[in-house]
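Here's the letter readout for the chains.
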Amino acid sequence: MTMSRLLLVGLTCAAGGAEARVPAFVDPEPEPIFPIGPIVGVPFPPPPLPAPPSGGRQDHGRIVCPVIGMFVKNGLLVPDARGFVTKAQTKAAFLEAGVPSHIATETTEANFRSAACSRCPERINPFEMNTIRGGASRGSPFGGAQEHFRSTGIRDTDNGVPRAGAFDFGQGRCLPSDGRWTSSAVACFAGLWDRDPGCGGVTSNDVDTLKRPSGCGRCEGALANPRCASQLGGAIDFMFEAFRDPSTGRITAGDWRGMWLDLELPAHFRGGGGGYPPAPRPPSPPSVSVCTGRAPIPAFKTCSSAPHCCMSGLECVQGRCVPLVGVPRPPIELRPTH
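The rules behind the values
- By convention here, each chain's residues receive numbers from 1 onward along its written sequence.
- Two thresholds apply to this predicted model, a pLDDT of at least 70 for residue-level local features and 80 or more for giving and counting side-chain atom pairs, whereas whole-chain, interface and lining totals are computed over all residues.
- To get the side-chain values, all heavy atoms of the structure are used, and hydrogens and water are removed first.
- Under the pairing criterion, centres of Phe, Tyr and Trp rings, with the six-membered ring standing for Trp, must be within 6.5 Å; the plane angle then separates stacked pairs below 30 degrees from edge-to-face pairs above 60, leaving the rest tilted.
- The way it works is that DSSP assigns letters per residue, a run of H or I at least four long becomes a helix, a run of E at least two long becomes a strand, and they are numbered from the N terminus.
- A 1.4 Å probe rolled over the protein chains alone gives each residue an accessible area, and that area as a share of the maximum for its type sets the label: buried under 20%, exposed over 50%, partly exposed in between.
- Angles here are taken between N-to-C directions and fall from 0 to 180 degrees, while the axes themselves are lines fitted to C-alpha atoms, restricted in helices to the stretch in contact.
- Crossing handedness: left-handed means the near helix sits turned counterclockwise from the far one by under a right angle, and right-handed means the same turn made clockwise.
- Whether two residues are in contact is decided by their heavy atoms, any of which lying within 4.5 Å being enough.
- Amino acid classes used here: Ala, Val, Leu, Ile, Met, Phe, Trp, Tyr, Cys and Pro are nonpolar; Asp, Glu, Lys and Arg are charged; the rest, including Gly, are polar.
- Positive charge is attributed to Lys and Arg, negative charge to Asp and Glu, and no charge count is given to His or to the chain ends.
- Each salt bridge in this description consists of a side-chain nitrogen of Lys or Arg and a carboxyl oxygen of Asp or Glu lying within 4 Å of one another.
- Counted as a polar contact is a pair of N or O atoms within 3.5 Å, where, for protein atoms, one must be capable of donating a hydrogen and the other of accepting one, and residues adjacent in sequence contribute only when both atoms are in side chains.
- What the arc describes is the spread of directions from the helix axis to the C-beta atoms.
- Angular relationships are summarised with four words: roughly parallel below 35 degrees, roughly antiparallel beyond 145, roughly perpendicular across 65 to 115, and oblique for the angles in between.

Caption draft 1: Focus on the packing of aromatic side chains. Counting across every chain of the model gives 11 aromatic pairs. A centroid spacing of 6.5 Å and a plane angle of 75° characterise the contact between phenylalanine 71 and phenylalanine 243, whose relative ring orientation is edge-to-face. You can see phenylalanine 71 sitting in helix α1 (residues 66-73) and its partner phenylalanine 243 sitting in helix α6 (residues 231-243), a full 172 residues away along the chain. Overall, phenylalanine 243 belongs to the buried group, its relative accessible area being 1%.

Caption draft 2: The packing of helix α3 (residues 101-111) against α6, seen in detail. For the pair α3 and α6, interaxial distance at closest approach is 11 Å and the crossing angle is 145°. Between α3 and α6 lies a crossing of left-handed hand. Residues His102, Ile103, Glu106, Thr107 and Ala110 of α3 form the contact with α6, whose own contacting residues are Gln231, Phe238, Glu241 and Ala242. For the contact of α3 with α6, the residue count by class is 4 nonpolar, 3 polar and 2 charged.

Caption draft 3: The arrangement of the side chain of aspartate 245 in detail. Here aspartate 245 lies in the loop between α6 and β10 (251-252). This buried residue, aspartate 245, is left without a salt bridge; arginine 180 holds the nearest opposite charge, at 7.2 Å. Engagement of the side chain of aspartate 245 in a polar contact is seen with the side chain of serine 247, the distance being 2.7 Å. Non-local contacts of aspartate 245, meaning those with residues more than four positions away in its chain, are made with Arg250, Ile251 and His268.

Caption draft 4: The arrangement of α3 in detail. For α3, the complete set of buried residues consists of Ile103, Ala104, Thr108 and Asn111. Buried residues in α3, looked at end-on, bunch into an arc of 110°, giving them a common side. Packing partners of the buried residues in α3 comprise α2 (87-96), β6 (123-124) and α6.

Caption draft 5: Up close: helix α5 (residues 183-191). For α5, the full list of buried residues reads Ala185, Val186, Phe189 and Ala190. The arc that holds the buried residues of α5, viewed along the axis, is 140°, so those residues lie on one side.

Caption draft 6: The arrangement of the packing of helix α4 (residues 164-174) against helix α7 (residues 253-261) in detail. In contact at an axis separation of 11 Å, α4 and α7 are set at 150° when each is read in the N-to-C sense. In terms of orientation, α4 and α7 fall into the roughly antiparallel class. By crossing handedness, the relation of α4 to α7 is classed as right-handed. Between α4 and α7, the residues in contact are Ala164, Phe167, Asp168 and Gln171 and Ala253, Trp256, Arg257, Trp260 and Leu261, respectively. Classifying every residue of the contact of α4 with α7 gives 6 nonpolar, 1 polar and 2 charged.

In short, geometric facts, not functional conclusions.
Below is the structure:
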């Protein structure tokens, strides 16, 4: 019997000197019962925020795309019960997190069924995007996830374990001396693997032969032959552009490594620099936050699109309105839209 049901069984009372049995009663529409804390009307202590869902799977090492992997692992892109995401869902997640519109559009058009990719699937299972295995050179399957022309092989592994050694090799060759990645350093990083297997030295992990650019030889890369420009360099450049620190235009060595190997969002992105809901802040003098065009949002409801609209006593943290005891919340000024 749960606490959410009011249960009275076998109560005895006196009635004219005789005992009477009160029949059992169950409230047909029970209300949840919570201990009430210092914030009136808000359950306390609050239930923990749910772990980022991934369609039931937690083997994030099998997600070969670091950007999709970061979004899935951190709960910004949630696969359905069968593990799939759609183009519209993915694009919306990118835009809501602050990814530039041209990147959100071009990447989803290139990976989901569209005029730009007739071989692409309508839906993608992020955990099953490695469709060319064993270092093969062939085309990606029609209607399945489409691999890039060439690959670094850092996350594109058959066992789901990222190759830290491959990343460290690229970092050792291309990271600037100040320990921060730049656009040109990222181009150097992508270019290290921009040759077909069998060309000697460091090469691509595999090759989607259907995506070979016209005029690009097997042992040529985009840095030496611009006609070899492909998704290998383009996707990594987009990744840098979308996640670089807006205050410096760069990404620290630790953040770039964490993105590739652990699917961790950069520190500045987690803090709101890239549109990700900010972490809890220390107490500060209250000021007026403007909530335009909507009613205040109650506890534990989504607030990603309106972070200043949580009810009094609540704060928007990781996309939900939650109580923060001891942290003053600025008063809300409601303004209607016109």
